Amino acid sequence: MISFLESKQSVMDLSVHSEGNSEIMAEMMEIQCCPICQRKSLLSPFRKSSVNLNLLIKMDPEMDSQLRIGFIGAGNMAFGIAKGIVSSGNTLPANIKVSAPSNRNFDRFQDIGITTTHSNVELVCGSDIVFVAVKPHLVRDVLNETTVHFTDKHIVVSVAAGVTLETLEELLPEGASVIRLIPNLPCIVQEGALLFTRGSCAKPTDGVLLRSLLQHCGLVEEGPESWLDIHTGLSGSGVAFVYLFAEALAEGAVKMGMPSSLAHTIASQTVLGAGRLLRDSGKHPAQLRSEVCTPGGTTIYGLHTLEQGGVRASTISAVESATERARQLGQKSAAKK
Ligand SMILES: NC(=O)c1ccc[n+]([C@@H]2O[C@H](COP(=O)([O-])OP(=O)(O)OC[C@H]3O[C@@H](n4cnc5c(N)ncnc54)[C@H](OP(=O)(O)O)[C@@H]3O)[C@@H](O)[C@H]2O)c1
């Protein structure tokens, strides 16, 4: 795998490499020492844009392995993404750390070699990329607690639904590289659908690096922030819509006399097979559907029943309502400023 890493050298790195220039650089920046990691941190205001430290763009298959990745929050989403990153084989599990207040979710991370801590500050100080993976209402507290420990070396990736880039950028030091990412639950089996948007100070290379890291989590796309709420409706919530349909398929078979466990097993395999064929064939769903419809056969009878029940209209409305709800939640989080 080829990955790009834009070097965002810390002030400390710079003082080592630029020797005689370090005093001049120190004068240009506000530098403080982090009590946790003892590294010099650049506090707000961030580095002046005239000081170009982004010296290196490396194309190096080993590069991801040198990155230190942190997850604030040890829940399902953090685990799904961390598992995808580990499964790429490009990042050492020992270079990934998660933080959470309790131990209750730590076992599964530790089982795959990921380290754990109860300190969000320790996590931020020891990471190059920090995923914020707590529930949306906790994002403000978590970032308020850690904000002074972020340097211009960090990339911050929030997966919190509805928490806008504007809110995130306001909570972090000026100039911070922030990315909003909306994943979905199948990340856990490396079949997620992920959409991200870069904040005003996140560079294209930060996006390239994120894509490279997440390539084993599933499909990863970039788009404007206004699409993230739609993606939440389509894919974040869409997973649950598909489960409802799978459950109803199985219940139909149970009604017709099939044992429940076999009906559910076959329903899940049907959803999986249909999904893979849809993705891998690249065909429009209507085309695949018509290929299954023998004139006068079973499928067209069943489809007619589904259409009479309004399944198409209610699915469109479900995506619409979930999108609207994501927008409302985003407005609420912005209003709490
Ligand atoms: N699940 C989805 O399908 C989905 C899809 C898209 C986006 N998201 C977003 O992903 C985020 C996480 O969701 P989730 O489903 O993974 O949640 P979750 O399973 O409930 O996990 C939340 C984690 O946050 C930890 N936590 C709570 N307070 C904390 C603090 N102060 N500092 C550090 N960690 C703290 C919890 O710690 P304990 O382990 O101690 O309880 C837990 O590990 C949410 O913002 C959600 O909007 C989820």
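It should be emphasised that the depicted structure is a prediction, and the values quoted were computed from it without experimental measurement.

About the thresholds
- Chains are numbered independently. Their residues run from 1 in the order of the written sequence.
- It should be noted that, the model being predicted, local features are given only for residues of pLDDT at least 70 and side-chain atom pairs only at 80 or more, the latter also being counted only at that level, while totals for whole chains, interfaces and linings use all residues.
- Secondary structure elements follow DSSP: runs of H or I of four or more residues count as helices, runs of E of two or more count as strands, with numbering from the N terminus.
- By definition, a residue lies near a molecule or strand when the C-beta atom built from its backbone is within 6 Å of it.
- Three residue categories are used. Nonpolar comprises Ala, Val, Leu, Ile, Met, Phe, Trp, Tyr, Cys and Pro, charged comprises Asp, Glu, Lys and Arg, and polar comprises the others, including Gly.
- Strands are labelled as partners when DSSP assigns at least two bridges between them.
- Lines fitted to C-alpha atoms define the axes, with helix axes restricted to the stretch in contact, and inter-axis angles between N-to-C directions lie between 0 and 180 degrees.
- What makes a nonpolar core is a set of buried Ala, Val, Leu, Ile, Met, Phe, Trp, Tyr and Cys residues, with links drawn between C-beta atoms within 7 Å.
- Buried, partly exposed and exposed are defined by the number of other C-beta atoms within 10 Å of a residue's own C-beta, namely 20 or more, between the two limits, and 12 or fewer respectively, with C-beta atoms placed from the backbone.
- Residue pairs qualify as contacts under a 7 Å threshold applied to their C-beta atoms, which are placed from the backbone.
- Every angle not falling under 35 degrees, over 145, or within 65 to 115 is termed oblique; those three ranges are roughly parallel, roughly antiparallel and roughly perpendicular.
- Left-handed describes a crossing whose near helix is turned anticlockwise from the far helix through less than a right angle; right-handed describes the clockwise counterpart.

J.: Run through unusual backbone geometry, naming residues and quoting values.
T.: One non-glycine residue, Gln 190, adopts positive backbone phi at about 60 degrees. Tracing the backbone through its elements, the reader meets Gln 190 in the loop between β10 (177-182) and β11 (192-198).

J.: So, the site of the ligand: which residues are in play, and what are the values?
T.: Around the ligand lies a shell of 28 residues, among which Gly 73, Gly 75, Ser 102, Ala 160 and Ala 161 are the nearest. The element that contributes the greatest number of residues to the shell around the ligand is helix α4 (residues 76-87), accounting for 3 residues. Broken down by class, the residue content of the shell around the ligand amounts to 17 nonpolar, 9 polar and 2 charged.

J.: Describe the sheet that holds strand β6 (residues 96-99), listing the residues and the values that go with them.
T.: Within the open sheet, the 8 strands sit side by side as β7-β6-β5-β8-β9-β10-β11-β12. Their pairing is mixed. Where the open sheet ends on each side, the last strands, each with one partner, are β7 (115-117) and β12 (218-222). Taking each pair of neighbouring strands and ignoring which way they run, the sheet shows an average axis angle of 25 degrees. Relative to β12, β11 is paired through 5 bridges, and the arrangement is parallel. Within the sheet, the bridge partner assigned to Phe 196 lies in β12 and is Glu 222.

J.: Can you tell me about the nonpolar core, naming the residues and giving the values?
T.: Ala 78, Ala 82, Phe 131 and Val 132 are the most contacted members of the largest nonpolar core, which totals 60 residues. When residues in this core are grouped by element, the largest group, 7 residues, is from α4. In contact with Ala 78, not counting residues within four places along its chain, are Phe 71, Gly 73, Val 98, Phe 131 and Ala 133.

J.: Can you lay out the packing of helix α11 (residues 238-255) against helix α12 (residues 260-281) for me, pointing to particular residues and giving the numbers?
T.: Taken N-terminus to C-terminus, the directions of α11 and α12 make an angle of 135 degrees; their axes are 8 Å apart at the nearest point. Put simply, α11 runs oblique to α12. α12 is crossed by α11, and the crossing has right-handed handedness. Residues Val 242, Ala 246, Leu 249, Ala 250, Ala 253 and Val 254 of α11 touch α12, and the partners they reach there are Ser 260, Ala 263, His 264, Ala 267, Ser 268, Thr 270 and Val 271. Of the residues contributing to the contact of α11 with α12, the split by class is 9 nonpolar, 4 polar and no charged.

Function-wise, these values are silent; they only describe arrangement.
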